[in-house]
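Chain by chain, the residues run as shown.
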Amino acid sequence: MSALQKICYVLLLLADLAALVFFGGVGIFGIPAGKEIIILAAMLVTFALITAVTVTALVRTAKGKEGPLFRNSVLMKLCIFFTGAAFTFLAFDDFAAPFLVFLFAGLLFGAAAILVIRQKPRSGRIAGQAAAPYSFTYKGKWEWDAAAAEYLRLNGIPDIKDLTDEQNDLIYDYTATPFSYFFCWLAVSGFLKQDFYEEFPDEDLVRKMKDRRLTPVEVLAAEDYYFGSEYLLEGIIPFFRSYYDTQGRFTGQDNYLCDYYDAIGNPDDRYYCVDFSWDVLDRLLPVIEERYQSWNRSFSAYDSSDFYDDSTPVASGVHSALFDADLTVYRTGVRRAELNEADISGYLAECLACLDSLPKTQIEKLERWFDGQYGVEETPEITSIREFSPHSLYLADPAVPGDVVFVVSGEASFEPEHGISFTVRNGLVIDWGYSYDFEDPYSDDSRKKYDVTASMDFSAVREEADAAGSPASGT
């Protein structure tokens, strides 16, 4: 909070308190009689509420939640004042007309306050501000419902209430099974922080797992079925996000989910309810290691810190007709000479025209991705593109002559903490993620997504026969 803001809020608070003390003093020492008490009561309630609004705004602003708080509080105070003033006219004989006028004014200011409060913020993260740290959490209790539903289906149990205590405990083990193999690879490969090992009451627990005296599921159970990204070494997080934590994004076949299904054979359409197997682990560990080495080879050619750099905008207030929003423009992926300073304005115009003319099929694809991650059956509109408010446009240097490649970043009501971004290459949406987290559009993974997307219109696929002849990595 700035010094000027502090002064303004303190002066407002003093004025509110002065009015409250004045009317309180009148009530105590003036001892009003008859209808005068109506005026006093209305003013006391009015200024008590106004003071509460000021205090709330002061506290929230002190915590860094500035935004339109000052505007909100002014509108709320006007609503309270005119409404309270309306009730003072009840002390007079001809109260009807002024009462209705002041009450109507109070309701108007109240409606304005509600509209402002519900308005989605359209300004994004400040340029140069540190991105929020990556966060991943596995919790057995979060996975339990899905695992239990699968268990009920496989065992013909009609209702979750029919489960025994032993079956409940078994389902908790099943929640850990899919992650347990990858967790074992992390531990065996030395990618866990010392903090993780210090969490165990038995310091040899992980050693016993490596020696195969305990299964990875048993180790996770000893941690109360919990694992968080705070246990990962920083260097492994990019691979973890690309290979394991794909957030439901289409990534071809080289991700953990596909490798896991290949290893377990996917019997009876199972995901959770598969007993841990050392044989499966022996099949999965070399596959994961190969994925990691391949990922290392793909990403060793560039420095990802150079790809994402929003410290210096090249333009601001650039309007997108598609979203009816003003965007701040940054240059990103500056590792090649194809795009020089003189080309930026022309390339920006191309990227903006491409964004504003995105085909309906691409927008629908984005919404399907959003729905797959965040959708709720009772409120399907939550993942509509209308719930996305962009604030930044990142121009990526075109590695292929004639390419138009960019990333749109902003806020979304269905992902209020991290926001959303999506990557477009030549009018095709090829990836999406958090607002501050997007991949090089020319990485091996991104090239593969683009090739698959460009080779077939997946929006036309409705039945298995429609997919005949599609690329292997896209089926």
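Residues numbered from 1 in each chain as written. Predicted model: local features only at pLDDT ≥ 70, side-chain atom pairs only at ≥ 80, totals over all residues. Heavy atoms only, no water.

Another aspect to go through is the nonpolar core. Formed by 45 residues in total, the largest nonpolar core has its most connected members in Phe-179, Phe-182, Trp-185, Leu-186 and Phe-227. Within the residue set of this core, elements represented by two or more residues are helix H6 (165–188), helix H8 (205–210), helix H9 (216–222), helix H10 (237–244), helix H11 (256–264) and helix H12 (278–299). Setting aside residues up to four positions removed in sequence, Phe-179 forms contacts with Phe-136, Tyr-138, Leu-220, Phe-227, Phe-240 and Tyr-244. Counting residues in hydrophobic clusters, the runner-up holds 37 residues, among them Val-329, Phe-406, Ile-420 and Trp-432. (Core = buried A, V, L, I, M, F, W, Y, C linked by side-chain atoms within 4.5 Å. Buried < 20%, exposed > 50% of the residue type's maximum accessible area, 1.4 Å probe, protein only. Helix = DSSP H or I, 4+ residues; strand = E, 2+ residues; numbered from the N terminus. Contact = heavy atoms within 4.5 Å.)

What follows concerns the pattern of salt bridges. Opposite charge on two side chains makes pairing possible when the charged atoms of those side chains draw close. Taken as a whole, this structure holds nine salt bridges when the rule is applied. Ionic pairing is found between Glu-364 and Lys-360, a salt bridge with its closest N-O pair at 3.9 Å. Taken as a pair, Glu-364 and Lys-360 lie in helix H15 (residues 360–374) at a separation of four residues, close to a single helical turn. Taking relative accessible area as the criterion, Lys-360 reaches 63% and is therefore assigned exposed. Across the pair Arg-425 and Asp-403 runs a salt bridge whose closest N-O atoms are separated by 2.9 Å. One end of the pair, Arg-425, is in strand E7 (residues 415–425); the other, Asp-403, is in the loop between strand E5 (388–396) and strand E6 (405–412), and 22 residues separate them in sequence. (Salt bridge = Lys/Arg side-chain N within 4 Å of Asp/Glu carboxyl O.)

This next bit is on a negative patch on the surface. Together, Asp-195, Glu-198, Glu-199 and Glu-230 make up a negatively charged patch on the protein surface. Topologically, Asp-195 is positioned in helix H7 (residues 194–198). (Patch = residues over 30% accessible without salt bridge, like charges linked within 9 Å, V, L, I, M, F, W, Y side chains within 5 Å. Areas by Shrake-Rupley, 256 points an atom, 1.4 Å probe, with all protein chains shown as cover. Lys, Arg positive; Asp, Glu negative; His and termini not counted. Charge placed at Lys NZ, Arg CZ, Asp CG, Glu CD.)

A few words on a nonpolar patch on the surface. A surface patch of nonpolar side chains, about 500 Å² in accessible area, is lined by Ile-37, Ile-38, Phe-87, Leu-90, Phe-92 and Phe-95. Tracing the backbone through its elements, the reader meets Phe-87 in helix H3 (residues 69–88). Owing to a relative accessible area of 39%, Phe-87 belongs among the partly exposed residues under this scheme.

At their nearest, the axes of helix H5 (residues 140–155) and H6 sit 8 Å apart, and the two run at 110° to each other. Classified by the angle between their axes, H5 and H6 sit roughly perpendicular to one another. Where H5 crosses over H6, the two elements pack in a sense that is right-handed. Residue-level inspection shows Gly-140, Lys-141, Glu-143, Trp-144, Ala-147, Ala-148 and Tyr-151 of H5 in contact with H6, the latter providing Gln-167, Asn-168, Leu-170, Ile-171, Tyr-172, Tyr-174 and Thr-175. Here the residues of the contact of H5 with H6 are counted per class, giving eight nonpolar, four polar and two charged. (Axes fitted to C-alpha atoms, helices over the stretch in contact; angles between N-to-C directions. Parallel < 35°, antiparallel > 145°, perpendicular 65-115°, else oblique. Left-handed = near helix turned anticlockwise from the far one by under 90°. Nonpolar A, V, L, I, M, F, W, Y, C, P; charged D, E, K, R; others polar.)

When you tally the buried positions in E6, you get seven out of eight residues, the bulk of the element. Pairing between E5 and E6: seven bridges, direction antiparallel. Each residue of the ladder has a partner; that of Phe-388, found in E6, is Ala-412. Two strands pair when backbone bridges link them, and E6 and E7 are joined in this way by seven bridges, in the antiparallel orientation. Counted as the bridge partner of Val-405 is Arg-425 from E7. From the end of E6 to the start of E7, which pair antiparallel, there are two residues. (Pairing = 2+ DSSP bridges.)

What follows concerns the packing of aromatic side chains. The description of an aromatic ring pair uses the distance of the two centres, along with the angle that the planes make with each other. Here the structure, examined in full by the defined rule, presents 50 aromatic pairs. Taken together, a centroid distance of 5.1 Å and an interplanar angle of 50° make the contact between Tyr-244 and Tyr-256 tilted. Taken together, the positions of Tyr-244 in helix H10 and Tyr-256 in helix H11 put the pair twelve residues apart, joining distant regions of the chain. The exposure classification of Tyr-244 matches that of Tyr-256, with both residues buried. Cation over ring: Arg-425 sits above Tyr-450, and NZ or CZ is 3.9 Å from the ring centre. (Phe/Tyr/Trp six-rings, centres within 6.5 Å; stacked < 30°, edge-to-face > 60°. Lys NZ or Arg CZ within 6 Å of the ring centre and 35° of its normal.)

Now for the confidence of the model for the chain. With 74% of its residues at a pLDDT of 70 or more, the chain has an overall mean of 77. Confidence, expressed as mean pLDDT per element, reaches its minimum in the chain at helix H13 (residues 304–307) with 43 and its maximum at H6 with 94. Counting interchain partners and residues more than four positions distant, the pLDDT-below-50 stretch residues 118–131 has 30 contacts. (pLDDT = per-residue confidence, 0-100.)

Once that is clear, we can look at the sheet that holds strand E3 (residues 313–320). Across the sheet, six strands lie side by side as E3-E4-E5-E6-E7-E8; this open sheet has mixed pairing. Both edges of this open sheet fall to E3 and strand E8 (428–433), since each of them pairs with a single strand only. Taking the axes of each pair of neighbouring strands and ignoring which way they run, one obtains an average angle of 25° across the sheet. Two elements, strand E4 (residues 325–332) and E5, share five bridges in a ladder whose sense is parallel. The residue bridging Tyr-330 from the neighbouring strand is Tyr-394, located in E5. Along the sheet, helix H14 (residues 344–356) makes contact with E3, E4, E5, E6 and E7, crossing E3 at roughly 35°. This element, H15, spans E7 and E8 of the sheet and lies at about 25° to E8.

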